[in-house]
Amino acid sequence: GEHRDYLDNGNNKMAIQQADKLLKKHKDLHCAKVLKAIGLQRTGKQDEAYALAQEVAALEPTDDNSLQALTILYREMHRPELVTKLYEAAVKKVPNSEEYHSHLFMAYARVGEYKKMQQAGMALYKIVPKNPYYFWSVMSLIMQSISAQDENLSKTMFLPLAERMVEKMVKEDKIEAEAEVELYYMILERLEKYKEALDVVRGKLGEKLTSELQSRENKCMAMYKKLHRWPECNALARRLLLKNSDDWQFYITYFDSVFQLIDESWTPPAEEEHSLEGEVHCSIEQAVNFIEERIAGESRSSRPLRGPFLAKLELIRRLRHRGCNDEYKLGDPEELMFQYFKKFGDKPCCFTDLKVFVDLLPPSQYTKFIQQLLDIIPLVAAAEDEVALPGDIKALQQHLCVVQLSRLLGIYHTMDKKQKLAVVRELMLRYRHGLEFGKSCLKTELQFSDYYCLLAVHLLLDLWLEGEEAAVWQCLTLLEEGLSHSPSNAQFKLLLIRIYCRLGAFEPVSELYSSLDAKHIQHDTIGYLLTRYASSLGHYAAASQSCNFALRFFHSNQKDTSEYIIQAYKYGAFEKIPEFIAFRNRLNSSLHFAQVRTERMLLDLLLENWEWAKRGLGEDISEEHRKLSLEEETLWLRIRSLTLRLVSGLPTLAHTIQPKNSEKTAENGVSSKIDTIRALLQQLEAAVDSGKKFLEQKIQYPVLGPPPTRMAGFFSNGSCQCQTSLFYLVSDIYELDTNGLGKSEIQERIGNSFKSLVERLTGNDLFNKCKGDLIEVRDGTLKTHPNLLENLVFFVETISIALWVSSYCDSVLRPFKSNLQKKKKKKKESSVAMPPVFTHFLDYVTELQTLTSNVIDHIKGLEIILTALKLEELSLKDTLLLQVRDSLCKHRGPQEFLFGV
Amino acid sequence: MTTLRAFTCDDLFRFNNINLDPLTETYGIPFYLQYLAHWPEYFIVAEAPGGELMGYIMGKAEGSVAREEWHGHVTALSVAPEFRRLGLAAKLMELLEEISEKKGGFFVDLFVRVSNQVAVNMYKQLGYSVYRTVLEYYSASSGEPDEDAYGKFVFSLKLNGTILMLRIPGLVCKTIIIFLAYETGSDSCRLMGFMYPPLDNFSYLRLYQL
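Residues numbered from 1 in each chain as written. Chains lettered and ligands numbered in written order. Predicted model: local features only at pLDDT ≥ 70, side-chain atom pairs only at ≥ 80, totals over all residues. Heavy atoms only, no water.

Chain B has the name N-alpha-acetyltransferase 20 in an unreviewed UniProt entry, where Ficedula albicollis is given as its organism. The Sequence similarities (unreviewed entry) comment attached to chain B in UniProt states, word for word, "Belongs to the acetyltransferase family. ARD1 subfamily." The UniProt entry for chain B carries the following text under Subunit (unreviewed entry): "Component of the N-terminal acetyltransferase B (NatB) complex which is composed of NAA20 and NAA25." (UniProt positions renumbered as here; feature names shortened; annotations may be inferred.)

The name given to chain A in an unreviewed UniProt entry is N-alpha-acetyltransferase 25, NatB auxiliary subunit, with Ficedula albicollis as the source organism.

**Digging into the overall build of chain A**
Each helix and strand in chain A was counted, giving 40 helices and four strands. Expressed as lengths along the three principal axes of its C-alpha atoms, the size of chain A is roughly 120 × 90 × 60 Å. Among the 901 residues that make up chain A, the fraction classed as buried is 51%. Looking at chain A as shown, the accessible area adds up to about 43100 Å², and 52% of this sits on carbon and sulfur atoms. (Helix = DSSP H or I, 4+ residues; strand = E, 2+ residues; numbered from the N terminus. Buried < 20%, exposed > 50% of the residue type's maximum accessible area, 1.4 Å probe, protein only. Areas by Shrake-Rupley, 256 points an atom, 1.4 Å probe, with all protein chains shown as cover.)

**Remarks on the interface of chain A and chain B**
Listed as interface residues are 66 residues of chain A and, on the opposing side, 58 residues of chain B. Between chain A and chain B, a total of about 5400 Å² is buried, with carbon and sulfur atoms accounting for 64% of that surface. The largest share of the area that chain A buries against chain B comes from A:L213, A:Y571 and A:F583, three residues that together contribute 13% of it. Taken together, the links from chain A to chain B amount to three salt bridges. Here chain A is connected to chain B by 18 residue pairs in polar contact (both at pLDDT 80 or more). When residues in the side of chain A that touches chain B are grouped by element, the largest group, eight residues, is from helix α29 (residues 540-571) of chain A. A class-by-class count of the residues in the side of chain A that touches chain B yields 29 nonpolar, 16 polar and 21 charged. (Contact = heavy atoms within 4.5 Å. Buried area = accessible area lost by both parts, 1.4 Å probe. Salt bridge = Lys/Arg side-chain N within 4 Å of Asp/Glu carboxyl O. Polar contact = N/O pair within 3.5 Å; in protein donor to acceptor, adjacent residues only side chain to side chain. Nonpolar A, V, L, I, M, F, W, Y, C, P; charged D, E, K, R; others polar.)

**Examining the pairing of strand β3 (residues 775-778) of chain A**
Residues and elements named next belong to chain A. Both β3 and strand β4 (residues 781-784) contribute to a ladder of four bridges, which runs antiparallel. Its bridge partner being in β4, R778 is matched across the sheet by T781. Counting the residues between successive antiparallel strands, the hairpin from β3 to β4 contains two residues, one of them, D779, with a positive phi of roughly 50°. (Pairing = 2+ DSSP bridges.)

**Observations regarding the pattern of salt bridges**
Enumeration over the complete set of coordinates arrives at 56 salt bridges over all chains. Note that A:K417 and A:E468 form a salt bridge whose closest N and O atoms lie 3.1 Å from each other. Here A:K417 is found in helix α22 (residues 417-434), whereas its partner A:E468 is found in the loop between α23 (450-465) and α24 (469-485), with 51 residues between them in sequence. In this structure, B:E62 and B:K60 form a salt bridge, with 3.6 Å as the shortest nitrogen-oxygen distance. Residues B:E62 and B:K60 agree in their burial class; the two are buried. Beyond isolated ion pairs, a larger network of salt bridges with shared partners links A:D256, A:E314, A:R317, A:R318 and A:D359.

**Overview of the environment of A:S672**
Structurally, the position occupied by A:S672 is in the loop between α33 (662-667) and α34 (673-695). Taking the C-alpha atoms as reference points, A:S672 and A:L653, 19 residues apart in sequence, are found 9.5 Å from one another.

**Description of the packing of helix α6 (residues 80-93) of chain A against helix α7 (residues 98-111) of chain A**
Angle between the axes and distance between the axes: these two values describe a pair of packed helices. Residue and element names in this part refer to chain A. Two elements in contact, α6 and α7, have axes separated by 9 Å at closest approach and are oriented at 155°. Put simply, α6 runs roughly antiparallel to α7. Crossing geometry of α6 relative to α7 is assigned as left-handed. Every residue of α7 that contacts α6 at P80, E81, V83, T84, Y87, E88, A90 and V91 is listed here: Y100, H101, H103, L104, A107, Y108, R110 and V111. (Axes fitted to C-alpha atoms, helices over the stretch in contact; angles between N-to-C directions. Parallel < 35°, antiparallel > 145°, perpendicular 65-115°, else oblique. Left-handed = near helix turned anticlockwise from the far one by under 90°.)

**Structural notes on the pairing of strand β2 (residues 43-47) of chain B**
Residue and element names in this part refer to chain B. The element β2 is extensively covered by neighbouring structure, given that five of its five residues are classed as buried. Here β2 shows no split at all, with F43, V45 and E47 on one side and I44 and A46 on the other all buried. Here four bridges tie strand β1 (residues 3-6) to β2, and the two strands are oriented antiparallel to one another. Residue T3 lies in a different strand from β2, and its bridge partner there is E47.

**Observations concerning the packing of aromatic side chains**
Per the stated rule, a full pass over the model turns up 33 aromatic pairs over all chains. Taken together, the ring pairs in this structure connect B:F7, B:F15, B:Y27, B:F31, B:Y32, B:Y35, B:W39, B:F43 and B:Y56 into an aromatic cluster. Here A:R597 stacks its cationic end above the ring of A:F593, 4.2 Å away from the centre of that ring. One Lys or Arg, A:K771, reaches over the ring of A:F767 and ends 4.2 Å from the middle of that ring. (Phe/Tyr/Trp six-rings, centres within 6.5 Å; stacked < 30°, edge-to-face > 60°. Lys NZ or Arg CZ within 6 Å of the ring centre and 35° of its normal.)

**Some words on unusual backbone geometry**
The residue A:K698 is not glycine, and still its phi comes out positive at about 50°. In the Ramachandran plot, B:R85 falls in the positive-phi region, its phi being about 65° despite a non-glycine side chain. Note on placement: B:R85 falls in the loop between β4 (69-79) and α3 (88-102). On the basis of relative accessible area, B:R85 is assigned to the partly exposed category, the value being 39%.

**Topic: the nonpolar core**
One recurring pattern in soluble globular proteins: nonpolar side chains tend to sit buried together. A:Y569 and A:F574 are the most contacted members of the largest nonpolar core, which has 198 residues in total. Considering every element that reaches this core, the biggest residue donor is α29(A), with ten residues. (Core = buried A, V, L, I, M, F, W, Y, C linked by side-chain atoms within 4.5 Å.)

**Digging into helix α17 (residues 307-321) of chain A**
Residues and elements named next belong to chain A. Over its 15 residues, α17 runs 21 Å from end to end, which matches the ideal 21 Å to within 8%, given 1.5 Å per residue. Counting buried positions along α17 gives 13 out of 15 residues, so the element sits mostly inside the fold. With its phi angle positive at about 75°, G323 sits one or two positions after the end of α17. (Expected span 1.5 Å × (residues − 1).)

**Let's talk about the confidence of the model for chain A**
All names here are of chain A. Of all residues in chain A, 90% have pLDDT values of 70 or greater, and the mean over the chain is 87. Put simply, helix α40 (residues 894-900) is where chain A has its lowest mean pLDDT, 31, and helix α12 (residues 194-202) is where it has its highest, 97. Contacts of residues 610-619 to residues separated by more than four positions or lying in other chains number 26 contacts, the stretch itself having pLDDT below 50. With pLDDT under 50 throughout, residues 657-670 is counted as low confidence; its partners more than four residues away or in other chains account for eight contacts. (pLDDT = per-residue confidence, 0-100.)

**Some points on the side chain of A:H592**
Residue and element names in this part refer to chain A. Within the fold, H592 resides in helix α31 (residues 591-609). Overall, the relative accessible area of 3% leaves H592 in the buried class. At 3.2 Å, the side chain of H592 and the backbone oxygen of H523 are in polar contact.

Listed below in structure tokens is the structure:
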């Protein structure tokens with residue numbers, strides 16, 4: 001009633017009050033109690049809510065209202081397993097309720113209790129013999145087989161049982177729905193009974209497979225492949241290609257099967273049909289003819305499809321691999337690609353299409369090939385010594401294709417700096433000229449000539465990597481210019497983000513990133529660009545925020561997917577159930593998720609201490625780099641999570657008054673806290689070693705490839721050494737704590753640690769590597785030093801750890817000291833010598849204090865420089881403006897341009 | 001040169017080149033999973049030989065299953081920039097219409113932002129006509145309407161009457177209730193009554209056999 005409305009409207013307090021009022025009148029109104037519990041849960045009183053809910057649950061309610069309300073509550077508490085208990089009790093009391101049984105089934109589905117689901121499904125079917133219930137039970141068997149650790153068990157028990165259950169329904173002619181046939185197919189496929197699966201699909205039951213496009217054909221094809229029935233594969237692919245000569249997957253199957261048949265020396269039977277699926281092609285001649293026919297068919301069309309033309313190139317490639325191209329006169333690939341360009345060069349995808357086949361060109365022909373393409377593009381030069389430009393969008397598109405191919409074939413790669421810069425100038429001229437064609441483009445559309453700008457930037461990036469500092473600044477100018485004309489170009493934004501990050505400038509990145517409007521799954525697939533740099537460049541608030549967004553996404557995944565697994569049961573989308581579960585697992589095991597979780601916790605610890613918490617756009621990443629990057633990221637994650645565990649283990653060591661004895665704890669068979677710390681420390685050392693070994697390979701990822709981790713910096717700036725020493729110090733101090741001041745060697749060791757730590761922190765190592773200008777002007781060119789920022793961030797982190805460790809030292813040493821002082825007073829002797837460790841510690845703390853205030857001064861100094869830069873920005877903007885404006889075409893008034901920027 | 005196949009969860013990890021477009025919405029995971037669980041055949045993706053995703057269409061069947069009156073609805077249709085101007089969107093629409101027809105849908109409808117002129121023109125070319133401007137359909141999560149949207153319908157041959165689409169005033173955004181009435185003859189006008197999100201009043205049994 002009323003209180004439910006309050007809950008729906010988010011007025012939890014009123015809901016609680018209303019429920020209380022009702023409960024005064026009717027003490028045992030279960031539903032009111034649960035609604036009150038929901039109100040409590042939502043106002044953060046989880047314990048009270050839980051207690052109240054359990055009060056009702058203990059009575060094993062069977063009224064709809066209580067059951068539903070409790071289900072909602074348990075879901076909000078993230079305790080789905082309690083829902084199963086609830087309905088288990090309900091079906092016991094009302095054993096014939098279809099509704100409660102089906103709720104119970106879904107409750108099991110939510111927590112993945114497959115065995116119980118199987119039983120619940122059958123129980124349901126016994127009450128109400130509806131097919132879906134029966135097949136829910138069958139599907140639960142498949143899920144048991146998928147989740148079974150023992151593959152043998154799944155193949156000999158769960159799947160055969162599922163098969164028998166379906167067969168029973170088939171024999172009784174009780175199969176009703178398409179979903180049931182799909183399920184049958186799924187079982188047979190998993191049992192590797194491909195012949196049987198094929199018979200089902202081709203038989204009477206297969207007629208039900210109508211929902212998906214070519215559902216029957218696709219399933220038959222999959223089975224033919226598994227059974228190596230190449231004649232059928234071939235005939236079916238051929239038939240499907242006759243229907244749609246653009247479907248690439250069937251060309252691949254067609255070629256695969258032709259060559260398989262040739263290798264098997266297959267010959268068609270004299271009398272009967274070639275195969276179940278009709279005519280079979282089993283010779284190269286037939287394949288060549290088939291492709292030529294498809295091409296002839298397309299040539300007559302007013303809007304030719306690209307498939308047949310590319311299929312010819314694919315056939316050539318395959319023939320070449322077999323070493324027998326020349327016999328079959330399919331033509332010269334260079335000429336065919338040229339013809340393809342003539343036909344489709346004005347489509348933006350022409351480059352992507354030809355990219356797949358450039359390996360057919362001999363490198364010696366690259367330049368000639370490019371020139372051949374260029375020659376047929378209608379370009380017009382205004383004067384003899386000026387660049388010839390395209391007169392329409394089609395010509396521009398063709399030219400862009402050639403430029404992209406040139407880059408792909410490495411034509412620009414061999415150029416020297418001067419030539420490259422000349423190409424950049426030409427590309428930018430073409431870019432600006434091409435804007436003319438896109439004057440009517442909306443701001444949500446891309447400009448036709450955007451790719452010119454992108455390519456110019458890539459060339460400049462090459463120069464930058466070769467050591468040309470000025471090039472990177474030009475990249476930024478060009479990209480910002482491009483973005484002003486094409487404000488929704490994601491490529492521009494991503495490139496800008498990567499470059500700004502590499503330069504150490506995080507501030508513009510936030511805005512660029514938010515303009516990408518990346519959300520949900522993109523927190524995983526793009527979000528890593530942000531989280532990698534935000535904290536390492538000292539933008540802690542942004543780092544916190546981006547980690548939070550990502551974590552919120554990952555955490556909701558578990559709950560969300562369960563809901564839709566249940567829906568898939570309801571709607572009979574059985575094949576989606578394992579897919580959803582695999583998807584959930586993939587997200588849960590995302591490397592990015594693990595990293596964000598660790599970094600977020602480290603960040604929380606650090607911020608508290610100071611009292612202030614894969615992908616792939618643009619250039620392709622090679623498989624090799626992908627693999628290396630994954631390895632590097634995993635190593636780095638290991639180091640970070642070990643650091644996190646070590647830091648969070650510190651408070652567990654806190655000094656207690658009674659002297660501890662490590663032997664004593666070991667006696668109980670429980671490893672003590674210090675043992676955990678020492679084990680973690682060993683693991684950290686091992687991880688650091690593997691990391692160092694990895695870095696010895698000196699991998700250079702491409703600029704747009706995976707961003708490198710912070711590992712290299714962590715090792716080279718000395719933070720790693722300092723942090724490990726600090727953790728060793730903890731171990732020594734603990735030893736001192738347990739063994740007392742007796743052993744001088746421990747004291748000596750600790751004293752030395754203090755000394756060397758101070759040296760490392762203040763001396764040549766850490767702090768010095770943070771000093772210097774963030775932006776340096778040398779010989780008229782700007783250079784940023786983002787590593788200074790990264791080092792500073794690591795340094796601050798290391799100091800934090802040093803401070804934590806000091807407070808632990810203090811907690812251990814203080815009691816010793818006061819004990820000694822007491823003794824001293826008692827004996828009234830002045831000869832009780834203070835052990836050296838106290839002096840060492842005192843010196844150490846004093847040094848730390850000085851260092852901390854020096855660091856603060858340094859950071860303040862940086863801020864002043866940045867403020868000064870901001871003041872300069874006004875004039876800097878002017879120069880940039882002038883520079884850009886000069887290069888703009890004359891049609892744009894400065895007024896208009898100002899708005900663009 | 002395209003491979004057309006069913007969209008799968010893993011494609012969500014790879015569709016950035018299509019979705020990093022200001023007019024293409026990236027929905028929450030539940031939204032995609034709902035479509036995959038409920039109407040998997042209406043969710044088709046096109047893949048290039050190099051493995052790049054070219055574009056996809058996502059749709060559903062809606063209306064009253066109990067009264068056997070339903071139609072196809074296009075929820076999202078998007079093609080990556082470099083694969084435009086190949087007729088791919090038209091091809092995907094054709095596939096969805098085919099599926100909807102096969103399932104006995106009366107027509108296919110869709111909503112498109114007024115500002116998305118390119119899409120509006122394409123749908124017009126495909127035979128769709130602007131039926132009515134739905135105010136405040138694309139509401140931001142804050143509840144503030146940001147712009148109007150068109151509702152568009154294509155009539156299948158089974159229906160030769162007119163379609164009326166009414167907006168009930170006072171109801172905004174996500175729970176917009178649109179009552180659709182159509183005339184089968186000259187005399188009567190029936191209400192089909194569908195909602196956004198559609199009323200989930202049909203039994204799973206009926207739907208599963210759809």
